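Read off the chains here:
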Amino acid sequence: MTDLVVKSQDIIDRILTLELVRVTERAAVAAAHWRGRGNEKAADQAAVDAMRRELHRLPIEGTVVIGEGERDEAPMLYIGEKLGTGFSPAVDIAVDPLEGTTLCAHDMPGSIAVMAMATGGGLLHAPDVYMEKIAVGPGYPQGIVDLDQSVEENVAALAKAKGVAPKEISVLLLDRPRHKAILEACRAIGCPVRLIPDGDVAGVIFTTRPEDTGIDLYLGIGGAPEGVLAAGALRCVGGQMQGRLILDTEEKVERAARMGVSDPRRKYQLDELAAGDVIVSLTGVTDGALVSGVAFDKDAIRTETLIYRSTTGTVRRIAAEHRQKAAWDHKGGAASL
């Protein structure tokens, strides 16, 4: 279903767009108090608490369909958790209150607070497992890359469509031992490869702006929550993405089946990962290529947020100054330092 034919009753109230900005702003500020302190757990918990608190204030009937674990792993925002005041609309929610906990704990670039909201049934319902992913930005023929093709085939196809030699296609990978074969294949072709320690939501989004980020192709295995969040952003700007859940134990297969995943090897297309009216909000915690991190000034807190919406294809960059600094500090978790 294209954005142009989305029914009016399937469109989230526009006012919620700004409300989602507030949600990720609060989570980012809370986490930013823990930047460079080496405590990943505390930073993550601060972001979770702030995000949950703000989501409970929204006039929605929200269900977390992609989160950090399930009910027995609370106090994280867990799969199946109900959020909001309980009034309509019914929406799916995917969250990563602090993507890049290690980046935040060591004050490294690229940590963000991110969430997605979609009309009910719009986001893939899946357990918190790994996902195999491939993504490119807009402007290419549909199906230009495919999870079932080799690295060499995908790079060659993308290079032909872009009108460059295969060695000119830049690839982004999470820096993990599991990606050794992909890295070696890219090196053999001669592709420039950027290895990132964490943050594959941003990594996928990098493909939408290759002229700014220098990234043409995302490959590899990362978290399923991050995959769904990134797919939501890609839908808003016309990119392409495929994902396949890695259900490598019977327990994972059974968990996925309880959520409606009948084919453990299914290859999900972009509009199967994120469909309908999708809104994605991400706020910088530490400075990065997408957004600047939280800045604590003497009289204000400054944040920068990107907000994506699929029905309009709109990407807004919101730079905010929060003058009620004391209230943000208290609610954001500074009092616990």
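Please read all numbers here as calculations on a predicted model, not as lab measurements. (Residues numbered from 1 in each chain as written. Predicted model: local features only at pLDDT ≥ 70, side-chain atom pairs only at ≥ 80, totals over all residues. Heavy atoms only, no water.)

What about the sheet that holds strand β8 (residues 217–223)?
At step 1: If you walk across this open sheet you meet the six strands as β7-β6-β8-β5-β9-β10, and the pairing is mixed. Two strands bound the open sheet, and with one partner strand each, they are β7 (193–196) and β10 (268–269).
At step 2: Note: strand β9 (residues 240–246) against β10, two bridges, orientation antiparallel. Each bridged residue has a counterpart across the sheet, and for Gly 243 the counterpart in β10 is Tyr 268. (Pairing = 2+ DSSP bridges. Helix = DSSP H or I, 4+ residues; strand = E, 2+ residues; numbered from the N terminus.)

Re the confidence of the model for the protein chain
At step 1: Overall, the prediction assigns the protein chain a mean pLDDT of 90, with 91% of residues at 70 or greater.
At step 2: For the stretch residues 1–9, pLDDT sits under 50, and the model shows eight contacts to residues farther than four places along the chain or on other chains.
At step 3: Across residues 331–337 the pLDDT falls below 50, and counting only partners more than four positions away or on other chains, this stretch makes 15 contacts in the model. (pLDDT = per-residue confidence, 0-100. Contact = heavy atoms within 4.5 Å.)

A closer look at helix α4 (residues 151–162)
At step 1: When the terminal C-alpha atoms of α4 are compared, their 16 Å separation across twelve residues agrees well with the 16 Å that a helix rising 1.5 Å per residue should span.
At step 2: Burial in α4 covers these residues: Val 151, Asn 154, Val 155, Leu 158 and Ala 159. Relative to the axis of α4, the buried residues are bounded by an arc of 125° and lie together on one face.
At step 3: Looking at the buried positions of α4, the neighbouring elements they touch are β5 (130–136), α5 (180–189) and β8.
At step 4: In the segment just after α4, Gly 163 is the residue with positive phi, at about 80°. (Expected span 1.5 Å × (residues − 1). Buried < 20%, exposed > 50% of the residue type's maximum accessible area, 1.4 Å probe, protein only. Arc of directions from axis to C-beta.)

Some details on the layout of surface pockets
At step 1: In this model, the largest pocket occupies a volume close to 480 Å³.
At step 2: As for the largest pocket, its lining consists of 23 residues, and the residues nearest its centre are Asp 96, Glu 99, Asp 198, Gly 223 and Glu 226.
At step 3: Considering every element that reaches the lining of the largest pocket, the biggest residue donor is strand β3 (residues 90–99), with four residues.
At step 4: For the lining of the largest pocket, the residue count by class is seven nonpolar, six polar and ten charged. (1 Å grid on protein atoms, 1.4 Å probe; cavity = no way out; pocket = protein on both sides within 12 Å on 5 of 7 lines; lining within 4 Å. Points joined across faces, edges and corners; volume = space filled by probe spheres on them. Nonpolar A, V, L, I, M, F, W, Y, C, P; charged D, E, K, R; others polar.)

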